[in-house]
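# Fold and geometry: a report
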Amino acid sequence: FQSLHFNDVLGTWAAVDAFFVDAGDVLTIQIGSKDEGVAGGLGDLIVEMRPPMPANNSCSTAIQVSGTVAIDWSNLWASSTSFQGGAGFCNPSYLWDGPTWDVFYQWTATESGDFVIDTTRSLEAIKINLAEGAGCTATCMTPLNFSARHVIEGVEAGDQILLQCGGRRRQITNGHIEIYP
């Protein structure tokens, strides 16, 4: 499930997230007052099921795209992966902070030439890593921040780039990427 919510008698909501709970797991939930000597009251406890993670929540399950393409993506319900792409730029702990709660797309060039990876139509704070190659063996090329345009020169037909898309500082976000010659 995704979270527990408790509404106390004063209308104050509290939430606790719990990920990776399997069927049959037993959880103990203790509910009480935060202030000593304050009497308890009635409330509501709501347990919500979390939707499954996106299918492309791993470098090994990236969604395949090719040629000139526009991608609208969201990292809602995604988890943070450990993909680092063999270089510091793709490391989530690197100074530029991101991406987190990431999803992946595997782009394949259908022709040779220079290509633009354009995120300028994204309206939210996004973080994208570009990694040369396929899947989890791809090697990091560069990070892109919100509203970036990056030109990749000398692309050959059949070359592949892994796009790791996520939010900045653990934000849930929606993004837009265009790839064109």
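This write-up is about the structure you can find in this document. Residue indices follow the written sequence of each chain, beginning from 1 at its first position. Restriction of local features to residues with pLDDT of at least 70 applies here, the model being predicted, together with a cutoff of 80 or more for giving and counting side-chain atom pairs; totals for whole chains, interfaces and linings are based on all residues. Calculated side-chain values reflect all of the structure's heavy atoms, with hydrogen atoms and water omitted.

### So, the nonpolar core
Proteins that are soluble and globular tend to have nonpolar side chains buried together. Under the convention used in this document: Residues enter a nonpolar core if they are buried and are Ala, Val, Leu, Ile, Met, Phe, Trp, Tyr or Cys, with the set joined through side-chain atoms within 4.5 Å. Relative accessibility under 20% of the residue-type maximum defines a buried residue, over 50% an exposed one, and the middle range a partly exposed one, all with a 1.4 Å probe and only protein chains included. Helical segments are the DSSP runs of H or I of at least four residues, strand segments are the runs of E of at least two, and each set is numbered from the N terminus. Contacts were defined at the residue level, with two residues in contact if any of their heavy atoms lie within 4.5 Å.
Among the nonpolar cores identified, the biggest contains 23 residues, and Trp73, Trp107, Leu163 and Ile177 are the most heavily contacted of them. Mapped by element, the contributors of at least two residues to this core are β5 (69-74), β6 (100-108), β7 (113-118), β8 (126-132), β10 (149-155), β11 (160-167) and β12 (174-180). In this structure Ile177 touches Val69, Ala70, Ile71, Trp73, Ile117, Asp118, Thr119, Ile128, Leu163 and Cys165, once residues within four positions along its chain are discounted. Grouped together as the second largest cluster of nonpolar side chains are seven residues, Cys59, Phe83, Ala131 and Leu162 included.

### Examining the side chain of Asn75
The cut-off we apply is this: As used in this structure description, the phrase polar contact means that two N or O atoms lie within 3.5 Å; if the pair is within protein, one of them must be able to donate a hydrogen and the other to accept it, and residues adjacent in sequence are counted only when both atoms belong to side chains.
Mapped onto the fold, Asn75 is located in the loop between β5 and β6. Within the local environment of Asn75, its side chain forms a polar contact with the backbone oxygen of Trp101, the two atoms lying 2.9 Å apart.

### Quick look at the packing of aromatic side chains
Inclusion rule: Note on aromatic pairs: the rings of Phe, Tyr and Trp (six-membered ring only in Trp) are paired at centre separations within 6.5 Å, and the planes decide the class, stacked below 30 degrees, edge-to-face beyond 60, tilted for the rest.
Throughout the structure, instances matching the rule amount to two aromatic pairs. For the pair Phe83 and Phe104, a centre-to-centre distance of 5.7 Å together with 85° between the ring planes defines the contact as edge-to-face. Taken together, the positions of Phe83 in the loop between β5 and β6 and Phe104 in strand β6 put the pair 21 residues apart, joining distant regions of the chain. Judged by its relative accessible area of 0%, Phe104 is buried. Summarising the aromatic geometry, the rings of Trp107 and Phe115 are spaced 5.0 Å apart at their centres and angled 65° between planes, so their arrangement reads as edge-to-face. According to the relative accessible area criterion, Phe115 is buried, its value standing at 2%.

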